Amino acid sequence: MTREDFKFLFDANFEGLRNYLYYRSGNKELATDIAQETFLRIWEKQPKGDPAKLKGLLFKIGHDIFISEYRHSKTVANFAFQYNGYQEEVSSPLAELQLQELEAKYQQALQSMSDKLRVVFLMSREEDLKNREIAERLGVSVKAVEKSMTKALKFLKETLL
């Protein structure tokens with residue numbers, strides 16, 4: 001791929017690729033960065049063929065980079081929440097109030113949950129038991145425990161959201 005071919009490819013497709021990535025991410029700077037990374041990878045790979053026919057490859061590479069970035073940001077957020085979320089002090093009185101309200105709603109939801117679901121849920125979440133261990137303690141099948149956990153989580157989701 002010559003410089004002229006690459007310039008033609010860039011000029012013809014950069015805006016469209018960036019707009020597609022912006023639509024996917026909602027972040028203009030991220031979309032621009034990923035679009036630039038996409039063209040950098042195209043330049044490094046030096047694909048053969050007509051530059052006018054490489055649009056599909058561009059969008060595929062851009063999509064793959066976006067998915068990788070999304071997964072990475074999700075992992076970073078989970079890590080930060082897991083290790084810092086509980087240990088950081090609440091930053092404002094409003095945030096503290098919201099946290100207290102959420103805790104009260106959670107406790108109320110637990111109380112309104114059926115005994116069977118509550119027992120399975122708390123054994124799993126509070127005692128960190130595996131489904132097999134819960135099944136052994138309660139004398140039920142692992143499938144019954146899985147079904148109870150699914151119902152409990154669905155109930156909490158509907159109640160808290």
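Right above here is the structure, for reference.
Residues numbered from 1 in each chain as written. Predicted model: local features only at pLDDT ≥ 70, side-chain atom pairs only at ≥ 80, totals over all residues. Heavy atoms only, no water.

Details of the packing of aromatic side chains
Here is step 1 of the chain: Scanning the entire structure with this criterion turns up seven aromatic pairs.
Here is step 2 of the chain: When the centroid spacing of 5.1 Å and the interplanar angle of 65 degrees are considered together, the rings of Phe6 and Trp43 count as edge-to-face. One end of the pair, Phe6, is in helix H1 (residues 3–25); the other, Trp43, is in helix H2 (residues 28–45), with 37 residues separating them in the sequence.
Here is step 3 of the chain: Looking at Phe6, the relative accessible area reads 17%, which means it is buried.
Here is step 4 of the chain: With a centroid separation of 4.8 Å and 25 degrees between ring planes, the pair formed by Phe10 and Phe14 is classed as stacked. Here Phe10 pairs with Phe14, and both are found in helix H1, just four residues apart, close to one helical turn.
Here is step 5 of the chain: Feature note: the residues Phe6, Phe10, Phe14, Phe39 and Trp43 constitute an aromatic cluster, connected by ring pairs. (Phe/Tyr/Trp six-rings, centres within 6.5 Å; stacked < 30°, edge-to-face > 60°. Helix = DSSP H or I, 4+ residues; strand = E, 2+ residues; numbered from the N terminus. Buried < 20%, exposed > 50% of the residue type's maximum accessible area, 1.4 Å probe, protein only.)

Here's the deal with the pattern of salt bridges
Close approach of charged atoms lets side chains of opposite charge pair.
Here is step 1 of the chain: Counted by the stated rule, this structure contains eight salt bridges.
Here is step 2 of the chain: A salt bridge links Glu37 to Arg41, with the shortest nitrogen-to-oxygen separation between them at 3.3 Å. Taken together, the positions of Glu37 and Arg41, both in helix H2 and four residues apart, correspond to about one turn of that helix.
Here is step 3 of the chain: We classify Arg41 as partly exposed; its relative accessible area is 34%.
Here is step 4 of the chain: We note a salt bridge from Arg132 to Glu136, for which the minimum N-O separation is 3.5 Å. With Arg132 and Glu136 both in helix H6 (residues 131–138), this residue pair falls four residues apart, about one helical turn. (Salt bridge = Lys/Arg side-chain N within 4 Å of Asp/Glu carboxyl O.)

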